[in-house]
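Residue-level listing of the chains:
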Amino acid sequence: MHNVIGACPHDCPDTCSLVTTVENGKAIRVQGNPAHPMTDGVLCTKVSRYTERTYHPDRILQPLRRTGPKGSGQFTPVSWDEALNDIANRLGAIAAQDPQAILPYSYAGTMGQVQGEAMAMRFFHKLGASLLDRTICSSAGSEALAYTFGAKMGMRVEFFAESKLIIIWGSNSIGSNLHFWRIAQEAKRNGAKLICIDPRKSETAEKCHEHIALRPGTDAALALAMMHVLIQNDWLDHDYIAQHTLGWDALRERALQWSPERAAQICGITSQQIESLARDWATTKPAAIRLNYGMQRVKGGGNAVRAIACLPALTGAWRHRAGGVLLANSGNFPVQRAALQRPDLLAGRKPRTINMSRIGNALLQAASHAFGPQIQAMVVYNSNPVAVAPQSSEVVQGFAREDLFTVVLEHFQTDTADYADYILPATTQLEHWDIHATYGHTDILLNRPAIAPMGECKTNTDIFRALAKRMGFTDSCFEEDDETLCRTAFGPPQDMQELFAQGFTHLKSPSGQALPDAPFAEGKFPSPSGKCEFFSQRLADMGQDGLPDYIANYEVPQANAEFPLAMISPPARNFLNSSFVNLQSLRDIESEPVLEMHPADAQARNIQHGDVIRVFNQRGTYHCKAQLNDRARPGVVNGLGIWWRKLGLNGTNVNELTSQKLTDIGRAPVFYDCCVEVAALK
Ligand SMILES: Nc1nc2c(c(=O)[nH]1)N[C@H]1C(S)=C(S)[C@@H](COP(=O)(O)OP(=O)(O)OC[C@H]3O[C@@H](n4cnc5c(=O)[nH]c(N)nc54)[C@H](O)[C@@H]3O)O[C@H]1N2
Ligand SMILES: Nc1nc2c(c(=O)[nH]1)N[C@H]1C(S)=C(S)[C@@H](COP(=O)(O)OP(=O)(O)OC[C@H]3O[C@@H](n4cnc5c(=O)[nH]c(N)nc54)[C@H](O)[C@@H]3O)O[C@H]1N2
Ligand code: SF4
Ligand SMILES: [Mo]
């Protein structure tokens, strides 16, 4: 019996250090590493079931070729040779016409640098395939931060323990950032006040001292009105503003247009709530905001992040290491993207870029001058677009195209895999090497394989190496092994010796020092001006508003409209996006797909708790069960995600209802900007 140290690969800000216990070549237990401070020996319910997932009877263990109609899920096992030869031939024939007709589609099924975009991008760059704009999660907020601070940087998560006020803004930390919640509890024990800003009374909201249940997509109005109150009471750090910010006069004028009364109307809360929030923010020190991606999935998501990101500079909260804001710290990691992904293999070619958040639309486009060639082949890895991408009806129609050649690298036969021509069996985190940056803390983690690949599974990297060989790509970079890629991922001065010895190492700054405790205590923002840019010249140059403002949702519910309810679709606690939905023990906890409704909205529609309902709009229909409780505010329904379509009640999921419109900044999807109507299913 021995233990192997690894890293949780999932798209979660916590990036836990894992200890896998192996007996006779079999992983018998996966636990949190007690030696890693952030993990502290604790994993979430999902990943503590990792052996159940790894040894699941439904794991795909052989290459499969389609035998039935697309989407029917009928496949027959074939040899790797047969699969790889056929795939290479098909891709080769398409590439001979125009390689841009081939599209890779991937996201963060694993966040590893090696099984993510290293060998895969080398392959697609060499091929000259279309590029993918990876916008589906965080690009609105990420770009908004870049336009404000200059990079995705913020407070160090561990110092929230010393904060006296923590605003959890657009995040259900208990469900999706568990180890931050542990830190917030420590702060609470030390007397901190916790406030949650979320339309839904989430597991987290109900455990905070205060919950501000605003309407979806109105956060910028709230932040601007907070600024208004700060100005009126002169709760400002004038020295910090003068030295370390840009555009204060203009922002001040903008904020003065946002009285608490005006914002209260828009947000659906009281002006007293706004005044008291602003008072708490200004008068409690140190004060911190844990912002998360939940609030940027609306039309004005980028502006909302910018507005909130301005708040710490106004009160000088950054001066203290336990003050400021944290959305993500990924900008601190010196990922060696060019070395890993080798864009030089494009050799001067400039393929078009396809936005992954509009994949339905893209798959249905004919060739045109503006669009380029029709998409003729897709290679999907680390993602389940048929379940997770917006407006599923178009996504499904696209994937169902008989003339589309689709290869899916997967662990399971997901909704997307059902549409594949070939499913290739991929290894899980227990079976391969990888190295991890993270967005929620500031450690690098190494993942060593704990067990041999199951069945005939291959690593993503090996699959792309094998395809490269069959395509006749002879560049030596296709020979590099995964351990070498791990060593390439972060350049010096990171302590690779420590990383390989204990499985994690604290990130160092480029000078080789420890990261600063308080990143912006003395300004030094990585923006063009070196300041916190309230006004962004870069945004203004693109014809956008240089100042943050409130931008109303695309779909604002109106009382007598055809679709009078706003719907958000945040994650279910026991799934991770669409991962884990096929694990019986976790599905048992979530029971069935549900829509949370306020009892008043249900009563008006003659809907009882537990009724099977029809949730619908101009884009489609989703059946699920009504859950009547006070988690939903009146006028807003919560469709918890993201079920596999085929495990739902009518073969759809919540993305049947979401649209392919994009955010103001970052070209991201607007999952939580969606209007629907609900009716009992008769
Ligand atoms: N258990 C679990 N953990 C996860 C995931 C998962 O699916 N399940 N997904 C992972 C991924 S991919 C990501 S990106 C992160 C996301 O991490 P977070 O952004 O922290 O995501 P959520 O937990 O979904 O919290 C989003 C919260 O925002 C609220 N919200 C919705 N609209 C608005 C709005 O307009 N304004 C405000 N203020 N709040 C709003 C929702 O009700 C929800 O409670 O979580 C990761 N962790
Ligand atoms: N309505 C609605 N839709 C949403 C969201 C929402 O809140 N509401 N959230 C959005 C967000 S934040 C995100 S990030 C996206 C997430 O969307 P995706 O990144 O597609 O995430 P998952 O659904 O977890 O699918 C990941 C797939 O990768 C596979 N996988 C994992 N590891 C490996 C590996 O090593 N190799 C291979 N080949 N495959 C692997 C898993 O088996 C899984 O099927 O969904 C988005 N969709
Ligand atoms: S999903 Fe998040 S909380 Fe769960 S083990 Fe992975 S990193 Fe930790
Ligand atoms: Mo995400």
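Everything below is about the structure shown above.
Residues numbered from 1 in each chain as written. Chains lettered and ligands numbered in written order. Predicted model: local features only at pLDDT ≥ 70, side-chain atom pairs only at ≥ 80, totals over all residues. Heavy atoms only, no water.

(A) How the structure looks around unusual backbone geometry. With an omega dihedral of -5°, the bond running from Lys 285 to Pro 286 counts as a cis peptide bond. Mapped onto the elements of the fold, Pro 286 is located in the loop between helix H11 (271-283) and strand E12 (287-291). In this structure, Pro 493 follows Pro 492 across a cis peptide bond, with omega equal to 10°. Positionally, Pro 493 belongs in the loop between helix H18 (482-489) and helix H19 (496-502). In the Ramachandran plot, Phe 580 falls in the positive-phi region, its phi being about 80° despite a non-glycine side chain. Overall, the relative accessible area of 0% leaves Phe 580 in the buried class. (Helix = DSSP H or I, 4+ residues; strand = E, 2+ residues; numbered from the N terminus. Buried < 20%, exposed > 50% of the residue type's maximum accessible area, 1.4 Å probe, protein only.)

(B) Main features of helix H3 (residues 118-127). H3 sits mainly inside the fold: nine of its ten residues count as buried. One or two steps after H3, the chain reaches Gly 128, where phi turns positive at roughly 85°.

(C) Summary view of the site of ligand 2. Near ligand 2 you find 31 residues, and of these Ser 383, Glu 410, Ser 578, Ser 579 and Tyr 672 are the closest. Between a nitrogen atom of ligand 2 and a main-chain N or O atom of Leu 409, the distance comes to 3.0 Å. At 3.4 Å from an oxygen atom of ligand 2 is found a main-chain nitrogen or oxygen belonging to Leu 576. Alone, ligand 2 offers 920 Å² of accessible surface; in the complex the protein occludes 97% of this. Across the shell around ligand 2, the residue classes tally to twelve nonpolar, 15 polar and four charged. Domain assignment of the residues forming the shell around ligand 2 places at least three in each of domain 2 (64-137 + 351-441 + 453-492) and domain 4 (565-680). (Near = heavy atom within 4 Å. Polar contact = N/O pair within 3.5 Å; in protein donor to acceptor, adjacent residues only side chain to side chain. Areas by Shrake-Rupley, 256 points an atom, 1.4 Å probe, with all protein chains shown as cover. Nonpolar A, V, L, I, M, F, W, Y, C, P; charged D, E, K, R; others polar. Domains from an automatic or database assignment.)

(D) Quick peek at the nonpolar core. The biggest cluster of nonpolar side chains holds 125 residues, and the ones touching the most others in it are Trp 169, Trp 281 and Met 378. Ile 87, Ala 88, Leu 345 and Ala 489 belong to the second largest nonpolar core, which has 55 residues in total. (Core = buried A, V, L, I, M, F, W, Y, C linked by side-chain atoms within 4.5 Å.)

(E) Structural detail: the site of ligand 1. Surrounding ligand 1, one finds 32 residues, the nearest of these being Ser 176, Asp 198, Asp 219, Gly 294 and Phe 575. Within the backbone of Phe 575, a nitrogen or oxygen atom sits 2.6 Å from a nitrogen atom of ligand 1. When the free accessible area of ligand 1 is taken as 900 Å², the share hidden by the protein chains comes to 98%. Across the shell around ligand 1, the residue classes break down as 16 nonpolar, nine polar and seven charged. Here the shell around ligand 1 spans two domains, since at least three of its residues come from each of domain 3 (140-327) and domain 4 (565-680).

(F) Quick look at the side chain of Thr 218. Its place among the elements puts Thr 218 in the loop between strand E10 (210-212) and helix H7 (219-232). A relative accessible area of 4% means that Thr 218 is categorised as buried. Excluding anything up to four places from it in sequence, Thr 218 contacts Ile 266, Cys 267 and Tyr 550. (Contact = heavy atoms within 4.5 Å.)

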